[in-house]
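# Per-entry structural report
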Amino acid sequence: ASALARPSTASRRRAAWLAVFLRLCLAGERLFYGVAKVIPTQMPQPPLTALLEPFGEFSPASVLWLQVGSSPPYEVLLGAVEMLAGLLLFVPRTATLGALVALLSMAQVFILNMTFDVPVKILSGHLLLMSLVLLAPRARRLFDAVVLERACGPVTVTPLFSRARANRWTTRVQLALCVWVLAGLLLPGWQ
């Protein structure tokens, strides 16, 4: 019975690798959409001719795009929150905070996609679910700390490798991947 109660080291390590994979996918996606809003290319300012059209002629998705694009500071702020989530997710020590920020931003995006009939509902639903999966192992601790205001000790993290040096290199590779993805998104955006 005790063998069923505690997962093996190998299964904990597989779960840790899955969490890293989900975290990096979510981080890259949050950076992608965040940069597209910080450098307003996803929802650019509408031309004056679009603002002269009768409101009833717009689709719900067009209304959302025009509303966000009409306020560049709002769009940049939305993108900054998405970028913050992505950057925090790339760093193993700040991944839980990044998943929380991603959950909140993705909840808003999912609701907007559903209510304004934006065609990427499934993608936003998957990203919202990924945030929840990343937070699930920490749910009890988050509830204790945030709701019950109880003290929480340090998190026990399952290492990806058995050697400490390999784990340090894994962290460095994740940080290098963050810089590479961010540079790849920012450079074309500025041009």
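Structural data are supplied above this passage.
Here we summarise the structure given alongside this text. Keep in mind the model is a prediction, meaning the values are calculated, not measured. (Residues numbered from 1 in each chain as written. Predicted model: local features only at pLDDT ≥ 70, side-chain atom pairs only at ≥ 80, totals over all residues. Heavy atoms only, no water.)

### Examining the side chain of Lys37
Test applied: Numbering of helices and strands runs from the N terminus; a helix is a DSSP stretch of H or I covering at least four residues, while a strand is a stretch of E covering at least two. Relative accessible area decides the class of each residue, using a 1.4 Å probe on protein chains only: under 20% of the type maximum gives buried, over 50% gives exposed, and in between gives partly exposed. Here a polar contact is recorded for every N or O atom pair within 3.5 Å, except that within protein the pair must consist of a potential hydrogen donor and a potential acceptor, and residues adjacent in sequence are included only if both atoms are side-chain atoms.
As for its position among the elements, Lys37 is in helix α2 (residues 9-38). Classification of Lys37 by relative accessible area gives buried; the value is 6%. Here the side chain of Lys37 touches Glu82 through a polar contact of 3.2 Å, side chain to side chain.

### Looking at a nonpolar patch on the surface
Test applied: For patches, a residue must show more than 30% relative accessible area and have no salt bridge; joins then use 9 Å for like charges and 5 Å for nonpolar side chains, namely Val, Leu, Ile, Met, Phe, Trp and Tyr. In short, Shrake-Rupley with a 1.4 Å probe defines the accessible areas, and a residue's cover is counted only from the protein chains shown. Salt bridges, as used here, are contacts in which a Lys or Arg side-chain nitrogen is within 4 Å of a carboxyl oxygen on Asp or Glu.
Residues Phe143, Val146, Val147 and Leu148 make up a contiguous nonpolar surface patch of about 360 Å² in total accessible area. Its place among the elements puts Phe143 in helix α8 (residues 139-147). You can call Phe143 partly exposed: its relative accessible area is 38%.

### Thoughts on the nonpolar core
The criterion, for reference: We call a set of buried residues a nonpolar core when its members are Ala, Val, Leu, Ile, Met, Phe, Trp, Tyr or Cys and they connect through side-chain atoms within 4.5 Å of each other. The contact criterion used is simple: two residues touch if any of their non-hydrogen atoms lie within 4.5 Å.
Core analysis: the biggest nonpolar cluster contains 30 residues, and Leu26, Leu31, Val35, Leu89, Phe90 and Leu134 have the highest contact counts within it. Of all the secondary-structure elements, those providing two or more residues to this core are α2, α5 (72-90), α6 (95-115), α7 (121-135) and α9 (164-190). Among the elements that make up this core, the one with the highest residue count is α2 (eight residues). With sequence-adjacent residues up to four places away left out, Leu89 is seen in contact with Arg23, Leu26, Ala27, Ala95, Gly98, Ala99, Ala102 and Leu134. Ranked by size, the runner-up nonpolar core spans six residues in total, among them Met43, Leu64, Leu78 and Val118.

### Regarding the state of the cysteines
The test is simple: Criterion for a disulfide: a pair of cysteine sulfur atoms at a distance within 2.5 Å.
All told, the structure shown has zero disulfides when counted by the stated rule. A disulfide-free cysteine, Cys25 has its sulfur positioned 14 Å from the sulfur of Cys178, the nearest such atom. For Cys25, a relative accessible area of 34% gives the class partly exposed.

### A few points about the packing of α2 against α6
Condition: Angles shown run from 0 to 180 degrees and are taken between the N-to-C directions of axes, each axis being a line fitted to C-alpha atoms and, for helices, limited to the stretch in contact. In this scheme, roughly parallel covers angles under 35 degrees and roughly antiparallel covers those over 145, while 65 to 115 is roughly perpendicular and the rest are oblique. Handedness of a helix crossing follows the sense of rotation of the near helix relative to the far helix, less than a right angle counterclockwise being left-handed and clockwise being right-handed.
Viewed as axis vectors pointing N to C, α2 and α6 meet at an angle of 55 degrees, and their least axial separation amounts to 11 Å. Relative to α6, α2 is oriented oblique. Considering the relative orientation of α2 and α6, their crossing is left-handed. Taking contact as the criterion, the partners of Arg23, Leu26, Glu29 and Arg30 in α2 are, on α6, Ala95, Ala102, Ser105 and Met106.

### Some words on the layout of surface pockets
Quick note on the threshold: Any residue with an atom within 4 Å of a point lines the site, the site being either a cavity, points on a 1 Å grid over the protein atoms alone where a 1.4 Å probe fits but cannot get out, or a pocket, an open set with protein on both sides within 12 Å along at least 5 of 7 lines. Grid points are joined across faces, edges and corners, and a volume is the space filled by probe spheres set on the points. Classification convention: Asp, Glu, Lys, Arg as charged; Ala, Val, Leu, Ile, Met, Phe, Trp, Tyr, Cys, Pro as nonpolar; all other residues, Gly among them, as polar.
Computed from the structure, the largest pocket encloses a volume of approximately 1200 Å³. If you go around the largest pocket, you meet 35 residues; those closest to its centre are Pro92, Ala95, Arg138, Val155 and Val157. Elements represented by at least two residues in the lining of the largest pocket include exactly α2, α6, α7, α8 and α9. Among the elements that take part in the lining of the largest pocket, α2 stands out by supplying eight residues, more than any other. In the lining of the largest pocket, the residues fall into 23 nonpolar, seven polar and five charged.

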